[in-house]
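A closer look at the structure
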Amino acid sequence: MPPFEYAGRVTAPEQPQRPAQYAPAHPAGYPVVYEADVVLRDGATAHLRPITPDDADLLVAFYARVSEQSKYYRFFAPYPELSDRDVARFTQVDYVDRLALIVLVGDDMIGVGRYERTGPHTAEVAFLIEDAHQGRGLGQLLLEHLAQAAREHHIARFIAEVLPDNRKMITVFTEAGYKVAREFEDGVIMVEFDIAPTDTSFGVMQAREQRSEALSIARLLTPASVAVIGASRREGTIGNALLRNLRDGFPGRLYAVNTDTTEDQIDGVPAYPTIRDVRGTVDLAVVAVRAEMVADVIIDCAAKGVRGLVVVSSGFAEVGDEGRKLQRQLVGLARSYGMRVIGPNALGVINTAPGVSLNATLSPLMPSRGRVAFFCQSGALGVSILADMVGRGLGLSTFVSAGNRADVSGNDLMQYWYSDEGTEVVLLYLESLGNPRKFSRVARRLACRKPVIALKSGRATQGVPLGHTVRRSQLPSATVDSLFRQSGLIGVDTPGEMFDVAQLVAHQPLPKGRRVAIVSNSDALTLQALDTVAGCGLEVAGRPRTLNAEATADEFRDALGEVFADDQVDSVVVIFTPPVLSNGAEVAQVLAAAAAGSDKPVLSTFLASRSVPEQLRVPDEHGGAARGSIPSFSSPQYAVGALAKATQYAEWRRRADTRIPDLPDIDTAGAEDFVAEFLQRHPRGADLDDADRQRLLSFYDIGVLPAFPVLSADEAVARAADLGFEVILKATAEQWRMRPDLADIWRHIHDEEDMREAWEEMTQTFGVASDPARAQFVVQKMAPPGVPVVISAIEDVSYGPVVSFGLSGVATDLLGDRSYRMPPLTTVDAAEMVREVRAAPLLYGYRGSDPVDISAIENLVHRVSRLTLELEEVVRLDLRSVLVAAQGATVLDTSIRIAPNEKPRQDAPARRLT
């Protein structure tokens, strides 16, 4: 089935400020939303946008640089120059039936792709790429963006004519993931394919995205040469700290740049007045100049061929509107010239890899080489984090503090760490989520391979730090926790908890189950461990092996031998407190020997140490702690808490499922036509009436038990008689729904007498005897008895579609007992949604009641997920009364709103930087 994650329109992010050729005058109908910054196959960036008549000179200059062979491949004949008529035809398009997209780097156009409609739902597509830039993935990017635009204009199929020896172009089509049909006719290959996204095309796009974005980060983290722009010899300055930290460890070429320098060196580093003057290539520029000077620095870096920037300078979006303009200019210029940016207002980057040893930060602390990678946004927190890592002896692979996160984000770093063999554990400290949909997708892919431990600040307030440009979500804070669970992230609440979990998963295998054995020489600490095990949802394997305070190493050896040999034990917690005459070294040797070669995770509270004690360390080639080392925690609560997090993650890994169920009887095209027709009737949006709700839901095979409005007792009797009685009378006015002090439903109405009694009682109770219309009474057939649940979906400005589930009732609403997931939902996602709410036992036969049909709930959850994913104009959908019986589920009441989506979703099926 299609990867519905990318259904919907593209969206334009806040537009960076660019050189003039990047922001031409917009002719009528110019689609700004098609503009995008993109990452090429080699990790460099470029800008993609629709062509305009003002691009005539750019097109002519571009065409002059294209080889005669490439021109022949494009036009099937010698075509040395473009005539004025050609230029006008190629640059003047209507952006609907005829669209051309161009790719720009610096001052040059380097590629163009276009489609022209040939029928109601077909278009011919063609590309021309400058020879010097062929092989950089431009054709694939242009095809993705052209296909996305064409789908918006109801074009479903692309056609192309290709010469047989133009193998590069044939490869662009055949490797895009679409099902391509080819025919050979009159010496030309005719290529045809549907452009609807498929599982294969989505997988191809995702793999290309990961490779290119990973390479773009590698350009920043693995430079062979670095220039510090704003370097200074004056102690206490940012420029001096950066230069000193780099000089003390970086083995590559290092340059100091300062416009005021008159000397050849600054602190022993070759110095130059501008980066253009540097003798030799520069891969990375670390910028520490005033904010208003950064734009000129970027232009100089582009001229020098710099591949990436770390901007430590402050004074950007964190200081207000003027700074925000400077920040947009910074990002726009850098991306336009092929460079990615970490920052501004960043602490910097560290890479401890042998041969790199890069400390381009303001912190003098250089952690030892290790397998843990860290991304954060706060510079102040970054300094504290590095100090804590050094104090714990936790080895680091790479560290990035992104500051305002104007360009490079946690999403980019996760793409890099996915394929980085030197990283086994990823830590994220997040202050904002710029693109939650992409974050969820990328994090889930990474978590299937490596543990990702994430701490999100500001969850309770939905606060966003100054300098971060994000869409502000209206969803409850529980949504972030659900997003983490869905993506397989290990969510934590404090930096200390983050490092506790990191110590465990970086050194020990993942648990295979929840059964924990405890070996201890302290009764008090054993009780603490037992309480924490129970509180975290783990299980004690047998009875704790509690030794006396003076237990010898031999006694520990015997107890440890038993638990490691026991098949009913999944994890081992060892607590050792020193007696008066400490035998710690002997116990450490016993513990290390017992754990060696075991596939069970072992963790300890060893002499209250909060690291990997020297006695329990297995040294690696860098002198750090290798896998098999036994971490120690300052108390059993911290040890067991970390173990519980690792166990939950291991369970997620074992049940992780990427299968999205193929739902029968869904008519997406019919639903899309209905939404379009509804918006023609209601251009500003509206709530759907009962008939429209039933019609929309029918496209997704969601049936609703009909309810019939009545205004009098006589109408209620007549309608009940038509239904054969066995009905209910229900007040549906919002102010009376689910009121615990008022009965809004009268059930088991068997005849006319019952109905008239119900009418009399309810109108009197609600005080509407003189005006029954206020209560909005309906008559509805009785549904089979069961448990009432609610399934909802909302289109959030930041997260896009989000589906929620909970049991009906005021108490559930008051306690916020809801589960949340972002579509598309796998089979496991839907199952976990139903089971993780606190009231879930009511669905499974609580206190002797009959268990209900869980599969029927999951089926409805999947169908609502599919609907809201495919129809972004459905901004709110509530199945607000679903009665789930032992067999089947009956939808009794619904509420739906359709409206134009003023801020379309951020994650589109064509690659772009946001």
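This text goes with the structure placed above it.
Summarised in this report is the structure supplied together with it.

Scoring rules and cut-offs
- Along every chain, residues carry numbers that run from 1 in the direction the sequence is written.
- Given that this is a predicted model, residues contribute local features only at a pLDDT of at least 70 and side-chain atom pairs are listed and counted only at 80 or more, while totals for whole chains, interfaces and linings are drawn from all residues.
- In computing side-chain properties, one takes all heavy atoms of the structure into account and sets aside hydrogens as well as water.
- Secondary structure follows DSSP: runs of H or I at least 4 residues long count as helices, runs of E at least 2 residues long count as strands, and numbering of each begins at the N terminus.
- When a residue's accessible area, from a 1.4 Å probe over protein chains only, is under 20% of the maximum for its type it is buried; when over 50% it is exposed; and in between it is partly exposed.
- Here, residues are in contact when the closest pair of their heavy atoms is within 4.5 Å.
- Using a 1.4 Å probe, accessible areas were evaluated by the Shrake-Rupley method; residue-level cover was limited to the displayed protein chains.
- Strands pair, by our definition, only if DSSP identifies at least two bridges between them.
- To form a nonpolar core, buried Ala, Val, Leu, Ile, Met, Phe, Trp, Tyr and Cys residues must be joined to one another through side-chain atoms within 4.5 Å.
- The convention used is that axes are lines fitted to C-alpha atoms, helices contributing only their stretch in contact, and that angles between N-to-C directions extend from 0 to 180 degrees.
- Comment on the angle field: the value is read as roughly parallel under 35 degrees, roughly antiparallel over 145, roughly perpendicular from 65 to 115, and oblique elsewhere.
- Amino acid classes used here: Ala, Val, Leu, Ile, Met, Phe, Trp, Tyr, Cys and Pro are nonpolar; Asp, Glu, Lys and Arg are charged; the rest, including Gly, are polar.
- Counting of polar contacts relies on pairs of N or O atoms within 3.5 Å, with two restrictions inside protein: one atom must be capable of donating a hydrogen and the other of accepting it, and residues adjacent in sequence are counted only when both atoms are side-chain atoms.
- For a helix, the expected span equals 1.5 Å multiplied by the residue count minus one.
- Picture the helix axis, draw a direction to every C-beta atom, and the arc is the one those directions span.
- Note on ring pairs: Phe, Tyr and Trp rings are taken, using the six-membered ring of Trp, and paired if centres are within 6.5 Å. Classes follow the plane angle, with under 30 degrees stacked, over 60 edge-to-face and the rest tilted.
- A positively charged side chain is recorded as over a ring if its NZ (Lys) or CZ (Arg) lies within 6 Å of the ring centre. The angle to the ring normal must also be within 35 degrees.

1. Quick notes on the overall build of the protein chain
On a plain count of helices and strands, the protein chain comes out with 25 helices and 37 strands. Its C-alpha atoms give the protein chain principal-axis dimensions of roughly 105 × 95 × 55 Å. Here the protein chain, with 914 residues, has 58% of them falling under the buried criterion. Expressed as a percentage of contacts within the protein chain between residues at least 6 apart in sequence, the contacts between residues at least 24 apart total 71%. For the protein chain, the exposed surface amounts to about 36300 Å²; the carbon and sulfur share of it is 51%.

2. So, the sheet that holds strand β12 (residues 269–272)
The strand order across the open sheet formed by seven strands is β11-β12-β10-β9-β13-β14-β15, and the pairing between neighbours is mixed. Edge positions in the sheet fall to β11 (265–266) and β15 (340–342), since each has one partner strand and no second. Alignment of β11 against β12, held across two bridges, turns out to be antiparallel. Bridging from a neighbouring strand, Gln 265 pairs with Pro 270 of β12.

3. Focus: the nonpolar core
Counting residues in each nonpolar core, the largest one holds 102 residues, and the members touching the most others are Leu 358, Phe 374, Leu 427, Leu 428, Phe 439 and Ile 453. Tallying contributions element by element places helix α18 (residues 636–655) first for this core, with eight residues. Aside from chain neighbours lying at most four places away, what touches Ile 453 is Val 425, Val 426, Leu 427, Leu 428, Ile 490, Val 492, Met 498, Val 501, Ala 502 and Val 505.

4. A few points about the pairing of strand β9 (residues 225–229)
The buried fraction of β9 is high, at five of five residues. Judged by which residues are buried, β9 turns out to be covered on both faces: Ser 225, Ala 227 and Ile 229 on one side and Val 226 and Val 228 on the other are all buried. As paired strands, β9 and strand β10 (residues 253–257) are joined by five bridges and run parallel to one another. If you follow Val 228 over to β10, its bridge partner there is Ala 256. As defined by bridge partners, β9 adjoins strand β13 (residues 284–287) across four bridges and the pair is classed as parallel. Each bridged residue has a counterpart across the sheet, and for Ile 229 the counterpart in β13 is Val 287.

5. Describing the packing of helix α6 (residues 199–221) against helix α12 (residues 436–447)
Remark: α6 packs on α12, axes separated minimally by 13 Å, with the N-to-C direction vectors making an angle of 85°. Classified by the angle their axes make, α6 and α12 are roughly perpendicular. For the pair formed by α6 and α12, the contact residues are Phe 202, Gln 206, Ala 207, Glu 209, Gln 210 and Glu 213 on the first element and Lys 438, Arg 441 and Arg 445 on the second. Among the residues making up the contact of α6 with α12, the classes are represented as two nonpolar, two polar and five charged.

6. Focus: the environment of Glu 836
In this structure, Glu 836 sits in helix α24 (residues 827–836). Looking at Glu 836, the relative accessible area reads 28%, which means it is partly exposed. Those residues within four positions of Glu 836 in sequence are excluded, and the remaining contacts are Ser 482, Arg 485, Ser 819 and Arg 821. One polar contact links Glu 836 to Arg 821, side chain to side chain, over a distance of 2.7 Å.

7. Describing helix α22 (residues 752–766)
Look at α22: 21 Å from first C-alpha to last across 15 residues, which is about the 21 Å you get at 1.5 Å a residue. Every buried residue of α22 is accounted for by Asp 754, Met 755, Ala 758, Trp 759, Met 762, Thr 763 and Phe 766. Considered in projection along α22, the buried side chains sweep an arc of 145° and stay on one side of the axis. Packing partners of the buried residues in α22 comprise α21 (713–722), β30 (727–731), β31 (745–749) and β32 (777–781). Following α22 by one or two positions, Gly 767 has its phi on the positive side, about 70°.

8. Comments concerning the packing of aromatic side chains
This model, assessed by the stated rule, comprises 19 aromatic pairs. Following the ring pairs from residue to residue traces out a cluster consisting of Tyr 115, Phe 127, Phe 158, Phe 173, Tyr 178 and Phe 193. Over the face of the ring belonging to Tyr 418 we find Arg 445, whose NZ or CZ atom lies 4.2 Å from the ring centre. Directly above the ring of Tyr 418 sits Arg 449, whose terminal nitrogen or CZ lies 3.9 Å from the centroid.

9. Description of the sheet that holds strand β22 (residues 490–491)
If you walk across this open sheet you meet the seven strands as β17-β16-β19-β18-β20-β21-β22, and the pairing is mixed. Both edges of this open sheet fall to β17 (358–361) and β22, since each of them pairs with a single strand only. When strand β18 (residues 369–376) meets strand β20 (residues 425–430), the two strands line up parallel, connected through five bridges. When the sheet's bridge partners are listed, Cys 376 is paired in β20 with Tyr 429.

On their own, these measurements won't tell you what the molecule is for.
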